[in-house]
Amino acid sequence: MSIPDTGFMLRSLEYLASFFVIFIGLTFLVIVVVYILDVTQTRQAIRRNYPVVGHFRYFFEDLGKFFRQYFFAMDREEMPFNRAERSWVYRAAKDLDTTTAFGSTRNLSPPGTLLFVNCPFPMLGTDAAKVGEVTIGPFCEKPYVTDALFNISGMSYGAISRPAVLALSTGAAKSGCWLNTGEGGLSSYHLSGGADIVFQIGTAKYGVRDAAGNLDDARLRAVAAHEQVRMFELKLSQGAKPGKGGILPGGKVTEEIALIRGIPVGEASISPNRHTDINSIAELLNAIERIRSVTGKPVGFKAVIGAYGWLEELFEEINRRGVRSAPDFITIDSADGGTGAAPMSLMDYMGLPIKESLPLVADMLVEHGLKERIKLIASGKLITPAEVAWALCVGADFVASARGFMFALGCIQALQCNKNTCPTGIATHNARLQKGLVPAVKSERVANYVRNMVYEVGVIAHACGVREPRELRRYHGRIVTEVGQSVALDELYATNAARCLPKHRAKVHSIAAQTGSEHSQPL
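Remember, it's a predicted structure, so these values are computed and weren't measured experimentally. (Residues numbered from 1 in each chain as written. Predicted model: local features only at pLDDT ≥ 70, side-chain atom pairs only at ≥ 80, totals over all residues. Heavy atoms only, no water.)

On to the nonpolar core, then. The biggest cluster of nonpolar side chains holds 110 residues, and the ones touching the most others in it are F232, F315, L358 and Y449. For F315, the contacting residues outside a window of four places in its chain are I330, M364, L365, H368, L370 and I374. Judged by nonpolar contacts, the second largest core, of eleven residues, contains V134, W178, I377 and F398. (Core = buried A, V, L, I, M, F, W, Y, C linked by side-chain atoms within 4.5 Å. Buried < 20%, exposed > 50% of the residue type's maximum accessible area, 1.4 Å probe, protein only. Contact = heavy atoms within 4.5 Å.)

Take a look at the structure:
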């Protein structure tokens, strides 16, 4: 019987013991150093009064948002999007069963709760119609005709990664929706999937600017020469930061992104807080007409609605010039829109939410006889079928979402969009993190999300007794009030609507009598 070699075991124990002693010594040394640094620094009272252990406060504070998300918050409690909303998007994107069992976890009694009015004789499947086509820019050389109902809102290449843009472009083409470039210019990745493109012109005019940062007609023509680019959107403001331009941290400004945008590599890209060449209603309409005449394609603008007296002036000026001068569409962003980086003071307090601004603008368009001429696109935290159906009820022609599609790509709401550390590879240019986002797989999820969204909005529409989603009207929805009873949407907005129609009719007759022209007649 052989005797085991105890020498190797003893040497191993000696090494482990030595390692343990060294580890303890280093740990003690680190604690001593941290202690000295804490008690001598003067910036943070917690660390000065509670050296070493005070660091745990910041660790747990950072960890807290993840514990709340996965362990403590109820399905309907989280912000900006709760677990129930995210879960629906995840299931729809994966084309899984979106039904639920036993009952809703949604509380139906709080004020502001949305309800739809079901019809006693809902629309049969055999009578249901496909989503109808809408023409945007009827007076353009190349109008855009589309049946797209739910589309991808502006997310620039730079704010989101190359594989994310590839997945969105391919998924949009598969589902038949459009993809908005965001303000960062047009990249080959936007075009590669074959999707219809809305080119957004931000305040810095990335991608269509000259060396001085001014709008360049030659660059506009070059962008418009791409057949896939179907419309141009002039961004006046966006939901999370009205009154402030886009912010792209320097860590995200790679050589490629700098080339596309026309900016220095590695330096933070901060856009002006407005278009420096647009100072009035007249200049806004002139800019829209300039872009439209250069490109031959529909042009509209995107804005968060806060003060709205300027819209009255805008629509009156359009009627004076003629309906051809109107923007072909208006994208209304909500005050609770999202972005990678914005001051909290603007994100939390500035602008009107879409629930107030969308019906207001829709009624103003009716008042001025422009509702059919100018198409309305609703954007801002509309990621579930009920929210999309609500927007259609109150006057939207289309709905666009950015964060909904981020969830479809796999976003887990880690709230790290501004740090280049997005764990899902969507909002980062870290190659190691990007490898988890496979465009071929995620593009299918994007397409599934669109298809399931349109289907379930159709389910709501059919339950309300109409053939397709764009036939939804305000009387199909209700909002719970402070007394616990609901009121119909058409009644909720009745005061403004009642003001609009008589005023519009009087204006039409007055202008027609004075000029004999037809441009101010209802369309």
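From this point, the narrative continues.
Right, let's talk about helix α7 (residues 217-224) for a bit. Along α7, the residues that are buried comprise L220, V223 and A224. Projected down its long axis, α7 carries its buried residues within an arc of 95°, all on one side. Where α7 begins, one side-chain oxygen reaches toward the backbone nitrogen of A218, 2.8 Å away; that side chain belongs to D216. (Helix = DSSP H or I, 4+ residues; strand = E, 2+ residues; numbered from the N terminus. Arc of directions from axis to C-beta. Polar contact = N/O pair within 3.5 Å; in protein donor to acceptor, adjacent residues only side chain to side chain.)

Take the sheet that holds strand β1 (residues 114-116) next. One open sheet accounts for three strands, arranged β1-β14-β15; its pairing is antiparallel. Pairing within the sheet leaves two strands with one partner each, and these edge strands are β1 and β15 (486-488). Taken pair by pair, the neighbouring strands of this sheet meet at an average axis angle of 35°, ignoring direction. Two strands pair when backbone bridges link them, and β1 and strand β14 (residues 477-480) are joined in this way by three bridges, in the antiparallel orientation. Opposite L114, over in β14, you have I479 as the bridge partner. (Pairing = 2+ DSSP bridges. Axes fitted to C-alpha atoms, helices over the stretch in contact; angles between N-to-C directions.)

Summed over the entire model, instances satisfying the criterion amount to eleven aromatic pairs. On the basis of an interplanar angle of 70° and a centroid distance of 5.0 Å, the ring pair of F405 and Y449 is categorised as edge-to-face. Remark: Y449 occurs in helix α16 (residues 439-463) and F405 occurs in helix α14 (residues 403-409); sequence separation between them is 44 residues. For the pair F405 and Y449, a shared accessibility class is recorded, and that class is buried. Here a set of aromatic residues connected by ring pairs shows up, and it is made of W88, F150, F405 and Y449. The ring of Y206 has R261 sitting right over it, with the charged end atom 4.9 Å from the ring centre. One Lys or Arg, R470, reaches over the ring of F398 and ends 4.8 Å from the middle of that ring. (Phe/Tyr/Trp six-rings, centres within 6.5 Å; stacked < 30°, edge-to-face > 60°. Lys NZ or Arg CZ within 6 Å of the ring centre and 35° of its normal.)

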